[in-house]
Amino acid sequence: MRRDVFHIYPARIDMVYNAYKRAAVEKFGKNPECKPYNTIVYGLNFSMKYNMNGGGLHIHLKPMQGSTAVALRFSVAQAVGARYGAYDRDMTLYVESILGVKSTPANLNINDFIQSKSGN
């Protein structure tokens, strides 16, 4: 199962990137593979809380009109029942607490998001 979730933060890309990296390490205990300031990638292990049997999370970032857009691409092993929305909510709340700003949900196209270089 693949799901994409998008957020926009009124903050610089380096700040948002570092907040997501910290959340991966501090909140979820991950050792992510990072490509500053574009991507953060790590595996999703078995989790009762989020009803996940494994998979991965790719976090893509890009500047967008003075803010930072973030795409979370969940690739989860099982076909149904994964609570990726709850995972995203917990991640987003942690990132917002680090940044001291609220994000706005966005409706973006993942292919355009990943392929776009300028963000404007």
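Below is a short write-up of the structure. Bear in mind that the values here come from a model prediction, so they are computed numbers and not experimental data.

1. Digging into the sheet that holds strand 3 (residues 39-47)
Here six strands make up an open sheet; going across it, the order is 2-3-4-5-1-6 and the pairing antiparallel. Only two strands of the sheet have a single partner each, and these edge strands are strand 2 (33-35) and strand 6 (104-106). Taken pair by pair, the neighbouring strands of this sheet meet at an average axis angle of 25 degrees, ignoring direction. Taken together, the three bridges between strand 1 (residues 2-9) and strand 6 define a ladder with antiparallel strand orientation. Paired with Ile8 across the two strands is Thr104, which belongs to strand 6. The strands touched by helix 1 (residues 13-27) are strand 1, strand 2, strand 3, strand 4 (52-64) and strand 5 (67-76); relative to strand 4, the strand with the most contacts, the crossing angle is about 165 degrees. Of the strands in this sheet, strand 1, strand 3, strand 4 and strand 5 touch helix 2 (residues 84-99), which is tilted by about 20 degrees from strand 1.

What counts as what
Residues numbered from 1 in each chain as written. Predicted model: local features only at pLDDT ≥ 70, side-chain atom pairs only at ≥ 80, totals over all residues. Heavy atoms only, no water. Pairing = 2+ DSSP bridges. Helix = DSSP H or I, 4+ residues; strand = E, 2+ residues; numbered from the N terminus. Axes fitted to C-alpha atoms, helices over the stretch in contact; angles between N-to-C directions. Contact = heavy atoms within 4.5 Å.

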